[in-house]
Amino acid sequence: MDSVYKTDENFAADVAALLAPLPTPQLQEYFNKLITSRRCNGIEVKNNGTIGKGVYANSEFDEDELILKDEILVGIQHSSNKVDCLVCSFCFRFIGSIEKQIGRKLYFKNLGVSGCCDDDSSEEDECVKYNGNEEQCGGSSSSHNTLPEGVVSSLMNGEMALPHTDKFPLPSPLSCPGGCQEAFYCSESCAEADWESSHSLLCTGERSESISREALGEFIKHANDTNDIFLLAAKAIAFTILRYRKLKAEHVDKKAKQSEPKQSLLLEAWKPVSIGYKRRWWDCIALPDDVDPTDEGAFRMQIKNLACTSLELLKIAIFDKECEALFSLEIYGNIIGMFELNNLDLVVASPVEDYFLYIDDLPDAEKEETEEITRPLLDALGDEYSDCCQGTAFFPLQSCMNHSCCPNAKAFKREEDRDGQAVIIALRRISKNEEVTISYIDEELPYKERQALLADYGFSCKCSKCLEDSSSI
Ligand SMILES: C[S@@+](CC[C@H](N)C(=O)[O-])C[C@H]1O[C@@H](n2cnc3c(N)ncnc32)[C@H](O)[C@@H]1O
C-alpha cells in the first residue's frame, strides 16, 4: 500500500487542483452545454449558496410531465445481476431474445448461481430509487423445478422458439471488439462509444489497451469479491485518462505553438467527473447497523484499506504516468464517495415480464395452448422470473438535484424507457424558478428515520415537512 500513499504525498498540488471546485463561469458553461445536448431546456443548474448546486425550473411543468432524461456518465450493472439479465454494457438495454434471456437465467439457476433479488421495488415499473448506501446481496431461488439441460441450451442458442416472442424483438448481441467475452452490445455505436469512453483500458480481451490483462483480472476479481463500486471508480479513471489522451492528441494535431501544460489538459479531461459533489468514501459511508459506534474508527480504517488494495491492483493494470494524480488514494476515495452521495439506482424493466403478461392476457383458448409450453418455464424460473437489470450510475444533471421529503419530482421509468437513462418526472405542477427536488429516501418514513437516513448524506433536512414534523415531536 506504500506506493499509493506515496503518490498522494508527491502529487498533493495536482490532487488539490483536481478536487478544487470549478470556477462558476466554467461550471455554468458546462451545465448549459449539457442541458442543450439533453434537450431539456426547461431547467437550469444554479449555485444557491447554502447547499451548493441545485436544479431549477425555468419554465412551468405540469404534473406527470417529463423534466429531464439524463444520460449516464459512468454506470455498471451489478455483478450479481449479470446472471439474471443480458444487457448492453453501454446503454443497459436488454439484448438477445426472450428465449435467450429465459435460457440464460435457467442455465445459471441450474448451476446454482443466482443473482440479486434484494428489494421489493424490483416488482414495480417504478423500481428506481436514490442509491443510498446499498449492500450487495446474494440471491436465493424460491423454485426448485428444473428443466432438462437440452431445453435450456436450445433456448439459449436460439434453436427453440417460444410462441409470440416475435412481439418482443430485442437487438442481437454484439461481442466486445477487444475480445473479452464479458461485454456485449446492442449496436456498433454502443460498442464503439464504450470502447472509446473506458472499455479499451478495462477490457480483459486480447486487444485490451491495459498494461497488464492479468492484473486487470485480479482487480476485477477483487471488486467482485468485495464491492463492485470499484469497477465504477475504474471506469471514471479510465474515462479521464482516455479523454486526456484524446485532448493531447488534438492539441498536437493543431501544432500548437505554445504547448498546453499537462495539468490543464488533465483538468479539462477530468471536468465531467469534477462536477459531482464529493467526500471521501471512508468518511461519508454510513456506519452499518452491526458495527458498534465505539468501533467506528477501526471500521473507517478498514474501508480505507480496502480502497487502497483495490487502487494498488488498478494501478498495476492501467497506470498512466502523465495522469499519475488520478491514482492517488485521495482521488480514488473521493470518486467512490461521489458515487455514494450522488448515484441513482440503474434499473431497466425486463421484457420477459412483458412477455408473460402478454400471454396471461391472451384469449382463453390461445392462452391455454400457449401456457402448455410456457408454464413449465415460468415454474422453473420461480418468483424472480423477470428480474430487472440492476446497477448504479452517475448522471451529471440529475445528480445536481437536491433532496426534499415533500419532493416535486421523482425518478420514474415509463413504459417506453427501456435503457439505463435517468428519467425525472414532475409529481405536481412546478412553477417557473421553483427548485426541482427529489427524495433520496422513502419520504413516507417517520421523521426520525428520515433524518437518520439523510445523515448518511451528511445533512439534516429542513424541508417544510421536516420542520412541521419536528415541531410536533
Ligand atoms: C446529489 S448531491 C446534490 C447536489 C449538491 N447540492 C451539489 O452541490 O452538487 C447531494 C448533496 O447535496 C446536499 N444536499 C442535498 N439536499 C439537501 C438538503 N435538502 N439540505 C441540505 N443539503 C442537501 C448534501 O450535501 C448531499 O450530500
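Scroll up for the structure.
Procedures and definitions
Residues numbered from 1 in each chain as written. Predicted model: local features only at pLDDT ≥ 70, side-chain atom pairs only at ≥ 80, totals over all residues. Heavy atoms only, no water. Disulfide = S-S within 2.5 Å. Buried < 20%, exposed > 50% of the residue type's maximum accessible area, 1.4 Å probe, protein only. Helix = DSSP H or I, 4+ residues; strand = E, 2+ residues; numbered from the N terminus. Polar contact = N/O pair within 3.5 Å; in protein donor to acceptor, adjacent residues only side chain to side chain. Contact = heavy atoms within 4.5 Å. Core = buried A, V, L, I, M, F, W, Y, C linked by side-chain atoms within 4.5 Å. Patch = residues over 30% accessible without salt bridge, like charges linked within 9 Å, V, L, I, M, F, W, Y side chains within 5 Å. Areas by Shrake-Rupley, 256 points an atom, 1.4 Å probe, with all protein chains shown as cover. Salt bridge = Lys/Arg side-chain N within 4 Å of Asp/Glu carboxyl O. Lys, Arg positive; Asp, Glu negative; His and termini not counted. Charge placed at Lys NZ, Arg CZ, Asp CG, Glu CD. Near = heavy atom within 4 Å. Nonpolar A, V, L, I, M, F, W, Y, C, P; charged D, E, K, R; others polar.

Caption draft 1: How the structure looks around the state of the cysteines. All told, the structure shown has 0 disulfides when counted by the stated rule. Cysteine C284 is unpaired, with the sulfur of C308 as its nearest cysteine sulfur at 17 Å. The structure places no disulfide on C406, whose sulfur is separated from the nearest cysteine sulfur, that of C463, by 4.3 Å. Accessibility expressed as a relative area gives 32% for C406, which makes it partly exposed.

Caption draft 2: Quick look at the environment of K167. Within the secondary structure layout, K167 lies in the loop between α5 (149–156) and β5 (174–175). A distance of 3.1 Å separates a polar atom in the side chain of K167 from a polar atom in the side chain of H164.

Caption draft 3: Region of interest: helix α13 (residues 351–360). Turning to α13, its buried residues are P351, V352, D354, Y355, F356 and I359. On its buried side, α13 packs onto α4 (98–110) and α14 (364–381). The residue sitting at the N-terminus of α13 and contributing the capping side-chain oxygen is S350; that oxygen lies 3.0 Å from the backbone nitrogen of V352.

Caption draft 4: Just the nonpolar core, in detail. Counting 101 residues, the largest nonpolar core has I67, I318, Y332 and F339 as its most contacted members. Looking at this core, the element that brings in the most residues is helix α8 (residues 229–253), giving 13 residues. Discounting residues that sit within four places of it in the chain, I318 has contacts with L201, L202, S210, I211, L216, I237, A238, I241 and F327. Formed by 16 residues, the second largest nonpolar core is a distinct cluster that contains V152, L162, F168 and A380.

Caption draft 5: Representation of a negative patch on the surface within the structure. A cluster of like negative charges, contributed by D364, E366, E368, E369 and E372, occupies part of the molecular surface. Along the chain, D364 falls in helix α14. Residue classification places D364 among the exposed positions, given a relative accessible area of 64%.

Caption draft 6: Quick peek at the site of the ligand. Within the structure, the ligand sits among 15 residues, and I51, K53, N402, H403 and Y457 are positioned closest to it. Contact distances for the ligand include 2.8 Å between an oxygen atom and a backbone N or O atom of K53. Between the ligand and H403 there is a distance of 2.9 Å, counted from a nitrogen atom to a backbone nitrogen or oxygen. Compared with its free state, where it exposes 560 Å², the ligand has 91% of that area covered by protein. For the shell around the ligand, the class distribution of residues is 9 nonpolar, 5 polar and 1 charged.

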